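In case you want the letters, here they are:
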Amino acid sequence: MSGETSITIIGNLTNDPELCFTQTGTAVATFTIASSPRVYNKQLERWEDGEALFMRCSAWRDLGEHVCESLARGTRVIASGQLRMRTYETSEGDHRTVFEMTVDEIGPSLRFATAKPVRAARKVGSGHDGGAPDPWATAAPADDTPPF
């Protein structure tokens, strides 16, 4: 989108993602990604962690459900999305500002792990297909005969 601040963050999930539903039934997963830079200390001749960034994230609808089914605490992820700023007032009357990320894409980092992606079944009427049948779905033969 024009005017949006897009970011990509690489880090580890601090907890298992939590799935909630809005009053209208829309799924949203919330989680935090911790990212810390690694810098080489020449004097000590070793790598050290820099100051950690903790980014609060949300993933909506099917993506949120897939995040909760696929990722867990400690998983190293690569996430891309929109940086959002939100201001609110505490019960004491103080004004606070927080930065959050609305995730567009997320997946496990394959640098230190492996993954076996499985295509998720499409939900009819999810808004992405206009109610059309799933062209990727494989229908079983009606009479148990092999399809070949």
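Given the structure is predicted, the values throughout are model-derived calculations rather than measurements.

Caption draft 1: Seen up close, the overall build of the chain. When its secondary structure is counted, the chain shows 1 helix and 8 strands. The linear arrangement of helices and strands in the chain, starting from the amino end, is β-β-β-β-β-β-α-β-β. The proportion of buried residues among the 148 residues of the chain is 22%. Restricting the contact set of the chain to residue pairs at least 6 apart, pairs at least 24 apart contribute 58%.

Caption draft 2: View of helix α1 (residues 61-70). Those residues of α1 that sit buried are Gly-64, Glu-65 and Val-67. All buried residues of α1 lie within an arc of 155° about the axis, which places them on one face of the element. Those residues of α1 that are exposed and aimed more than 90 degrees away from the buried face are Glu-69 and Ser-70. Along its buried surface, α1 packs onto β2 (18-21), β3 (27-35), β6 (53-60) and β8 (95-108).

Caption draft 3: Spotlight on the side chain of Thr-32. Considering the arrangement of structural elements, one finds Thr-32 in strand β3. For Thr-32, the side chain forms a polar contact with the side chain of Arg-56, separated by 2.8 Å. Not counting residues up to four positions away in its chain, the partners in contact with Thr-32 are Asn-12, Leu-13, Thr-14, Phe-54, Met-55 and Arg-56.

Caption draft 4: Molecular detail of the nonpolar core. Judged by nonpolar contacts, the single largest core of 14 residues is most densely connected at Phe-31, Ile-33, Cys-57, Met-101, Val-103 and Ile-106. Residue assignment for this core shows that the elements contributing at least two residues are β1 (5-13), β3, β6, β7 (76-89) and β8. In this structure Ile-33 touches Ile-9, Gly-11, Asn-12, Leu-13, Leu-53, Phe-54, Met-55, Cys-57, Val-77 and Ala-79, once residues within four positions along its chain are discounted.

Caption draft 5: Molecular detail of the confidence of the model for the chain. Across the chain, pLDDT averages 86, with 82% of residues at or above 70. Counting interchain partners and residues more than four positions distant, the pLDDT-below-50 stretch residues 144-148 has 1 contact.

Caption draft 6: Quick look at the environment of Ile-106. Looking at where Ile-106 falls in the secondary structure, it is placed in strand β8. Given a relative accessible area of 18%, Ile-106 falls into the buried group. Note: C-alpha distance between Ile-106 and Gly-64 (42 residues apart in sequence) is 9.9 Å. The contacts of Ile-106, once residues within four sequence positions are left out, are Phe-31, Leu-63, Val-67, Leu-71, Val-77, Ile-78 and Ala-79.

What counts, and where the lines are drawn
- Residues numbered from 1 in each chain as written.
- Predicted model: local features only at pLDDT ≥ 70, side-chain atom pairs only at ≥ 80, totals over all residues.
- Heavy atoms only, no water.
- Helix = DSSP H or I, 4+ residues; strand = E, 2+ residues; numbered from the N terminus.
- Buried < 20%, exposed > 50% of the residue type's maximum accessible area, 1.4 Å probe, protein only.
- Contact = heavy atoms within 4.5 Å.
- Arc of directions from axis to C-beta.
- Polar contact = N/O pair within 3.5 Å; in protein donor to acceptor, adjacent residues only side chain to side chain.
- Core = buried A, V, L, I, M, F, W, Y, C linked by side-chain atoms within 4.5 Å.
- pLDDT = per-residue confidence, 0-100.

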